[in-house]
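Structural description and commentary
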Amino acid sequence: MTDTEATHGGQQAVDAALAHGVTTMFTLSGAHVFPLYDAAVGGRQTVESGGLAPMRLVDVRHEQTAVFAAEAMGKLTRSPGFAVVTAGPGVTNAVSAITGAYVNGSPLVVIGGRAPDARWGTGALQELDHPPLVESVTKSATTVHDAASVRAAVDDAFTIAGAAHRGPVFLDIPMDVLFTPAAPTLGTSTAMDRSPDDGDIDSVAAVIRSASRPVVVLGSDVWADGAENAARAFVDALGLPVIANGMARGVLPPDHPLLVTRARSLAFKQADLVIVAGTPLDFRLGYGVFGSPESPTQVVHLADSASQVATHTALAASAHGDLSRVFTAIAEAVSDPLAISAWSDELRSAALAAIAADAPMLASDADPIHPARIYGELQPRLSDDTVVIGDGGDFVSFAGRFIEPATPGRWLDPGPYGCLGTGPGYAMAARIAHPDSPVVLLMGDGAAGFSLMDIDSLVRQDLPVAIVVANNSGWGLERHPMRFLYGYDVAADLAPTPYEDVVRALGGAGESVTNPGDIGAALDRALAAGVPYLVNVHTDPEIAYPRSTTGV
Ligand SMILES: Cc1ncc(C[n+]2csc(CCOP(=O)(O)OP(=O)(O)O)c2C)c(N)n1
Ligand SMILES: [Mg+2]
């Protein structure tokens, strides 16, 4: 078939997605989007003969799971994930997940169905003008009104979503436009010039050269921009200690002498320069204010694009562009390693001391179970390629502290938008993107309630995942801050529900654990199960993750 043959909009959209290397469409059914399915499966003949479908169709039980899964494909593969949702409630159910992708900078294309143009304004089923709803949380949100333009519009959507700074693109296609065959016109995408500015690089280099206690923070965009090797070469060449966040965790392996993530507060207090790369200067980084008011620390911000360079705080210097080129250019401009080994050794020692100090907590025999004990058992069972996903409050904060990934791009946390319920969707994507790697999904019992029904989708589609729920019978990360602020808590209690029974009913398996000594064997069974397997660990409701702020 040539590109100029008349095809329906679903075919045009799927052709465009395939041309961008997309292999999976996540969806929940609705008649408004049937042509997209028809194209994905290759039509009736392919389905009836059991032939090879052009694109894998993964259907779920709630649209948010479809979009969380597509977002996670973007995070894991660094090219846009793809979700299709039906008109009206299909789109509104997708909004939180689209927003998460926007805040996380995850490349994602979402196509929504839409009531037919020919009926617009007459009260058609699920008639809703979606783009204004998602405009503020997407890079682009438009409606395709011309049947011949679907291919070009979807092609552009993938190009825009995948270009730094990455993010979601939304398109809706009216039913009559989508069902009507037309000869597609092709898009014309142009590559952006992402070279960093020489002057910016020189300024950054000058600041770095004069620092005596610098520290580097590597964030998710380092991974998203494919800059993990350049980042490592940069810190190795200059001898810079590193704190890793988000998808950049694992850029330096746990035994690397410059990895000082666990000495983060000491580093931020005493550094004279913090170089933040590939992540915003948001609440997770004290809004970019380090040191003390008397001697504030200098800050350099390196971003994947101009729009991401912080404007809310004073910067000593900044640079933006292709992050690999940014790192390489700065390393060349600084040229010699800094004479800071006493400082980096001090931070590394502090990090190792913090890790050593955790040992008793990780081995805790407390009854009820201390949540840290779960990590004590999990740590030795994680292979270097395991994808670890966190969906929850305190339990996931403990994960951030105790799990140090060996490679980047295999740690999926809720990100700064912090939307609970991502877990099953993220796990689905991890299992598809890395079919040969173990996938461990860590969930709070509260978080589990948002999307446990989508274990059904994992079961039906033969996507085994080891699920660990830390069941503290409540919303721990709300219970304890409320007690701290008010002296009491409300709306924070849940029951010690046997969530494994839910998974069993859906065709998976699982067990409850109340004895710390039984956790390890239960994890082994979960990892070997070959089906979604939920280990429901009943943990002490009184234990809060030790934190200094509520993150507000
Ligand atoms: C969709 C959504 N609703 C509410 C919140 C607020 N919130 C943040 S953490 C948290 C508690 C999570 O409880 P759980 O998953 O059981 O983990 P725990 O803190 O108990 O370990 C809540 C309700 C949120 N982040 N996202
Ligand atoms: Mg909980």
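Report follows, based on the coordinates. Computed from a predicted structure; not experimentally measured.

Definitions and limits used
Residues numbered from 1 in each chain as written. Chains lettered and ligands numbered in written order. Predicted model: local features only at pLDDT ≥ 70, side-chain atom pairs only at ≥ 80, totals over all residues. Heavy atoms only, no water. Patch = residues over 30% accessible without salt bridge, like charges linked within 9 Å, V, L, I, M, F, W, Y side chains within 5 Å. Areas by Shrake-Rupley, 256 points an atom, 1.4 Å probe, with all protein chains shown as cover. Salt bridge = Lys/Arg side-chain N within 4 Å of Asp/Glu carboxyl O. Helix = DSSP H or I, 4+ residues; strand = E, 2+ residues; numbered from the N terminus. Donors = N, O, S within 2.8 Å, 3.2 Å for Na, K, Ca; no water. Buried < 20%, exposed > 50% of the residue type's maximum accessible area, 1.4 Å probe, protein only. Expected span 1.5 Å × (residues − 1). Arc of directions from axis to C-beta. Phe/Tyr/Trp six-rings, centres within 6.5 Å; stacked < 30°, edge-to-face > 60°. Axes fitted to C-alpha atoms, helices over the stretch in contact; angles between N-to-C directions. Parallel < 35°, antiparallel > 145°, perpendicular 65-115°, else oblique. Left-handed = near helix turned anticlockwise from the far one by under 90°. Contact = heavy atoms within 4.5 Å. Nonpolar A, V, L, I, M, F, W, Y, C, P; charged D, E, K, R; others polar.

Let us now look at a nonpolar patch on the surface. Taken together, Phe484, Leu485, Tyr486, Tyr488 and Val490 make up a surface patch of nonpolar side chains, about 640 Å² in accessible area. The topology assignment puts Phe484 in helix H22 (residues 476-486).

Taken together, Asp445 (OD), Asn472 (OD1) and Gly474 (O) make up the protein donors of the magnesium ion (ligand 2), found 2.0 to 2.1 Å from the metal. In primary sequence terms, the donor set of the magnesium ion (ligand 2) follows D-x26-N-x1-G. A relative accessible area of 11% places Asn472 in the buried class.

Every α-helix carries 3.6 residues per turn, so stepping three or four residues along brings you back to the same face. When the terminal C-alpha atoms of helix H14 (residues 323-334) are compared, their 16 Å separation across 12 residues agrees well with the 16 Å that a helix rising 1.5 Å per residue should span. For H14, the complete set of buried residues consists of Leu323, Ser324, Val326, Phe327, Ile330, Ala331 and Val334. Seen end-on, H14 carries its buried residues on one side only, within an arc spanning 165 degrees. Once H14 ends, the next one or two residues include Ser335, with phi positive near 65 degrees.

One pass over the structure, following the stated rule, counts 11 aromatic pairs. Where Phe34 meets Tyr37, the ring centres are 6.2 Å apart and the plane angle is 45 degrees; that geometry is what we call tilted. Here Phe34 pairs with Tyr37, and both are found in helix H2 (residues 34-41), just three residues apart, close to one helical turn. With a relative accessible area of 41%, Phe34 lands in the partly exposed category. Classification of Tyr37 as buried rests on a relative accessible area of 11%. Aromatic side chains Tyr375 and Phe402 sit 5.9 Å apart centroid to centroid with 40 degrees between the ring planes, which places their arrangement in the tilted category.

Okay, the packing of helix H17 (residues 371-378) against helix H18 (residues 394-402) next. Running from amino to carboxyl end, H17 crosses H18 at an angle of 40 degrees, the nearest separation of the two axes being 10 Å. The orientation of H17 with respect to H18, classified from their angle, is oblique. Crossing of H17 against H18: the hand is right-handed. Residues Pro371, Ala372, Ile374 and Tyr375 of H17 form the contact with H18, whose participating residues are Phe395, Phe398, Ala399 and Phe402. Split into classes, the residues belonging to the contact of H17 with H18 amount to eight nonpolar, no polar and no charged.

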